[in-house]
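# Working through the structure, step by step
Take a look at the letters that make up each chain.
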Amino acid sequence: MDLKNLLKSMPLPAIYKRDGKECYFDTYRKKLIEITPEETVRQKIAKLFEIKYGVPEEMISLEVPMSYYAAGVSGRADIVIHAYDTKTQCCYPVTVIECKNETVLLTDKVMNQVTRYCDIVGGKYVVLTNGIDIRMAVYDEKNDVYAFLEELLPYNKMLNEEYVIPEFKAEEYIRFAMSELRNQDKLKEYNEMGSWIFGADSNSEIRTFAVNFYQSLLDVEHKLPSKKLKAFEMLEDLGLRYMDYTNAGGGHYNEDYRTFLVNDRFGETQLISVSIFGTDSDFRGEKRGSYTSLVVSIDKFKTSHNSLQYNVDRFANVRNDGKICFAHNGQIGGFKSQSVIDKVSQYGCGLQIVNTKIKIGELDCNSLLYLDAPDVANYMYNLIEYALLREEVRTDSRN
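What comes next concerns the included structure. Predicted, not measured: the structure shown is a model, and the values here were computed from it.

## Digging into the overall build of the chain
In terms of regular secondary structure, the chain is built from 10 helices and 19 strands. In terms of its C-alpha atoms, the chain occupies a principal-axis envelope of roughly 75 × 50 × 40 Å. Residue burial in the chain is summarised as follows: out of 399 residues, 49% are buried. Pairs at least 24 apart in sequence give 56% of the contacts found in the chain among residues at least 6 apart. Accessible surface for the chain amounts to roughly 19,900 Å². Of this, 47% is attributable to carbon and sulfur atoms. Distance between charge centroids for the chain: 6 Å, based on 49 positive and 59 negative side chains.

In structure tokens, the structure reads:
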């Protein structure tokens, strides 16, 4: 196999820039990854198995920590190919792939690394490659060795003959009707099904808003439109990612987030994610009450974090006509609020300064919220803008 020429025909992801570094937008991980020779090989090999060898995109995972499979085990597999068990409705590993850059020889050391990973995850096949050479081996259970194959196997041959590749179709998301959103008993039951969406101390209007807003984020049929604004450019609505973001106080916010690919006003690409949570009333013994927190987070290369944790109970104003007005005092941890207000005043587009408060926008909660509706879209643009400008204040303080 002329692997080098074959890989040349494999498409690479779109390239963006963040923190002055060129990055791929990895469609498997839905994140920006700094471009390195090894990452280029990883992306091309993943596409090779998807396009030429018939592996469904949904069955390909990149940079998989071994700790997912065995507690305390170090290391990451470059690529893991899975199969889907229709009976258990779970995925299981089939093939582990180790990718090196072109300067690394495929020695026994590389083979030992990938077979160790395969043993940990319980796979059957291993592949090792440096973008020039590629070899595939299968585990021989009888002799307890990995035996090299003469060629790469297509996906259907990696699996048993009875296996049928499932069709991965997105199920239609069924949202609550307004009558259900006003049913407090139903909302309470819904809130207890997973991570809290609203706080136990939040009033009925905020609870209705929280579930309405949360379900609008889960409703991926309605996309936030792309748009160029003064403070940033909205490039693409990436849909949902399950993420765990943290804050400076050590809190964890893990849930499905709606994620957006944007260019900030400096032309650098950022991933902004939005979700909503009910907080723990006794976090770290602080006894702050259980309120509803609208969270806007930003991805970084090493540490991603919350840029805004908006206390809906404290800052939002519920009007008699059913509309909710969202304003904020600009507070960020140990920073002065005035620094944020000045930044918004100078560079904000949709945000407004009203009586020393930052007006984020308003939503009419008398009907279902959809991200492609003009009023909801403008509100989302303002949330993204506010998160980016707050991040600038943090960056200014470090320079």
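Still more ground to cover, so stick around.
## Let's talk about the packing of aromatic side chains
Going through the model one piece at a time under the given rule, you end up with 12 aromatic pairs. Geometrically, the ring pair formed by Tyr310 and Phe326 is tilted, given 6.0 Å between the ring centres and 55° between the ring planes. Of the two residues, Tyr310 sits in strand β15 (residues 305-311) while Phe326 sits in strand β17 (residues 323-328), which places them 16 residues apart along the sequence. Both residues of the pair, Tyr310 and Phe326, count as buried. Linked through ring pairs, Phe209, Phe213, Tyr310, Phe315, Phe326 and Tyr379 together constitute an aromatic cluster. For Arg18, the ring lying beneath its charged end belongs to Phe301, and the centroid distance is 4.3 Å. In this structure, Arg265 packs its charged tip against the face of Tyr347, placed 3.5 Å from the ring centre.

## Some words on helix α10 (residues 374-398)
For α10, built from 25 residues, the straight-helix expectation of 36 Å at 1.5 Å per residue is met to within 8% by its first-to-last C-alpha distance of 37 Å. With 18 of 25 residues buried, α10 is to be regarded as a mostly interior element.

## Comments concerning the packing of helix α9 (residues 337-347) against α10
The description of two helices packed together rests on the angle between their axes and the distance between the axes. It is at 9 Å that the axes of α9 and α10 come closest, and there the two elements cross at 125°. As far as their axial angle goes, α10 and α9 are oblique. Here α9 and α10 pass one another in a crossing that is right-handed. Listed contacts from α10 to Ser339, Val340, Lys343, Val344 and Tyr347 of α9 are Tyr386, Leu389, Arg390, Glu392, Val393 and Asp396. Of the residues contributing to the contact of α9 with α10, the split by class is six nonpolar, one polar and four charged.

## Some points on the layout of surface pockets
In this model, the largest pocket occupies a volume close to 1,400 Å³. At the level of secondary structure, the elements contributing two or more residues to the lining of the largest pocket comprise β3 (31-34), α2 (37-51), β4 (60-65), β5 (76-85) and β11 (232-246). With seven residues, β11 is the single largest residue contributor to the lining of the largest pocket. Taken together, the residues that form the lining of the largest pocket break down as 14 nonpolar, six polar and 17 charged.

## Here we look at unusual backbone geometry
Glycine aside, negative phi is the norm for most residues, and most peptide bonds take the trans geometry. Located in the positive-phi region is Lys30, a residue other than glycine, with phi close to 55°. Tracing the sequence through the fold places Lys30 in the loop between β2 (21-26) and β3. The class for Lys30 is partly exposed, based on a relative accessible area of 28%. Unlike most non-glycine residues, Asp144 shows phi in positive territory, near 55°. Considering the arrangement of structural elements, one finds Asp144 in the loop between β8 (134-140) and β9 (145-148).

## Quick notes on the pairing of strand β6 (residues 90-99)
Within β6, seven of the 10 residues are buried, leaving the element largely enclosed by the surrounding structure. As paired elements, β5 and β6 share seven bridges and run antiparallel to each other. Bridging across to β6, His82 finds its partner in Pro93. Connecting the antiparallel pair β5 and β6 is a turn made up of four residues, with Gln89 showing a positive phi of about 55°. Handedness of the crossover joining β6 and strand β7 (residues 125-129) through helix α3 (residues 108-121) is recorded here as right-handed.

## Focus: the pairing of strand β12 (residues 252-264)
Burial analysis of β12 places 10 of its 13 residues in the buried class, which makes it a mostly covered element. With 13 bridges connecting them, β11 and β12 associate as antiparallel partners. Residue pairing across strands places Met243 opposite Glu255, the latter belonging to β12. Sheet topology places β12 next to strand β13 (residues 269-278); six bridges connect them, and they run antiparallel.

Cut-offs applied
- Residues numbered from 1 in each chain as written.
- Predicted model: local features only at pLDDT ≥ 70, side-chain atom pairs only at ≥ 80, totals over all residues.
- Heavy atoms only, no water.
- Helix = DSSP H or I, 4+ residues; strand = E, 2+ residues; numbered from the N terminus.
- Buried < 20%, exposed > 50% of the residue type's maximum accessible area, 1.4 Å probe, protein only.
- Contact = heavy atoms within 4.5 Å.
- Areas by Shrake-Rupley, 256 points an atom, 1.4 Å probe, with all protein chains shown as cover.
- Lys, Arg positive; Asp, Glu negative; His and termini not counted.
- Charge placed at Lys NZ, Arg CZ, Asp CG, Glu CD.
- Phe/Tyr/Trp six-rings, centres within 6.5 Å; stacked < 30°, edge-to-face > 60°.
- Lys NZ or Arg CZ within 6 Å of the ring centre and 35° of its normal.
- Expected span 1.5 Å × (residues − 1).
- Axes fitted to C-alpha atoms, helices over the stretch in contact; angles between N-to-C directions.
- Parallel < 35°, antiparallel > 145°, perpendicular 65-115°, else oblique.
- Left-handed = near helix turned anticlockwise from the far one by under 90°.
- Nonpolar A, V, L, I, M, F, W, Y, C, P; charged D, E, K, R; others polar.
- 1 Å grid on protein atoms, 1.4 Å probe; cavity = no way out; pocket = protein on both sides within 12 Å on 5 of 7 lines; lining within 4 Å.
- Points joined across faces, edges and corners; volume = space filled by probe spheres on them.
- Pairing = 2+ DSSP bridges.
- Right-handed = clockwise from strand over helix to strand, strands pointing away.

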